[in-house]
Amino acid sequence: MKYFTKIIFSALFGLLLFSTTATAGNVGIGQKIYGTKLKDTCGFTGVKFTASHTQKEWQAIYDSGKMGEEVKALCPKVEVYNEKWNDHLFSFAYEYGKGSGNEPSC
C-alpha cells in the first residue's frame, strides 16, 4: 500500500510540475520577440525596455492583464502587437527587470 501511495503521489507531483512549466513563458523566446518584432519600432535596446520597471512592477502589470498596454505605452510606434507574446515578453522583462542584476544581450 505504501508503494502504491508513493507512485500516485509522485505522478501527481510530476503532473503539477509539468502544468506549471507548460503555461510559463520562455525568456529566450521573449528576447527574440523583442529583438525581431519590437526593438526597431521602439527605438531602444532590450536593456532599456526591461529596465523600465522592477521585477515586482512587471509582475503587477502582467497579473493585471495589461502587458500589451504597457508595451504600447513604452513603444507608442508599435502598430502590430500580438497578445500571444504576453507570456514570453513578461518572462523576458521579469528576468532582466530593473534591479535584477541581469542584462539581456539585445
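Being a predicted model, the structure only gives us computed values, none of them experimental. (Residues numbered from 1 in each chain as written. Predicted model: local features only at pLDDT ≥ 70, side-chain atom pairs only at ≥ 80, totals over all residues. Heavy atoms only, no water.)

### Some words on helix α2 (residues 27–42)
A turn of α-helix holds 3.6 residues, and therefore any two residues three or four places apart point the same way. The terminal C-alpha atoms of α2, which comprises 16 residues, lie only 19 Å apart, well short of the 22 Å expected from a rise of 1.5 Å per residue. Within α2, the axis deviates most sharply at Gly35, by approximately 45°. Of the residues making up α2, those classed as buried are Gly30, Gln31, Ile33, Tyr34, Leu38 and Cys42. Looking at the buried residues of α2, the elements they touch are α3 (46–50), α5 (67–74) and α6 (86–95). At the N-terminal boundary of α2, the capping side chain belongs to Asn26, with an oxygen 2.8 Å from the backbone nitrogen of Gly28. The first or second residue beyond α2 is Gly43, which carries a positive phi of 85°. (Helix = DSSP H or I, 4+ residues; strand = E, 2+ residues; numbered from the N terminus. Expected span 1.5 Å × (residues − 1). Bend = angle between axes of the 7 residues up to and from the residue. Buried < 20%, exposed > 50% of the residue type's maximum accessible area, 1.4 Å probe, protein only. Contact = heavy atoms within 4.5 Å. Polar contact = N/O pair within 3.5 Å; in protein donor to acceptor, adjacent residues only side chain to side chain.)

### Thoughts on the side chain of Thr50
Within the secondary structure, Thr50 sits in helix α3. A polar contact is formed between the side chain of Thr50 and the backbone oxygen of Tyr96, at a distance of 3.2 Å. When neighbours within four sequence positions are excluded, Thr50 is seen to be in contact with Trp58, Phe92, Ala93, Tyr96, Gly97, Lys98 and Pro104.

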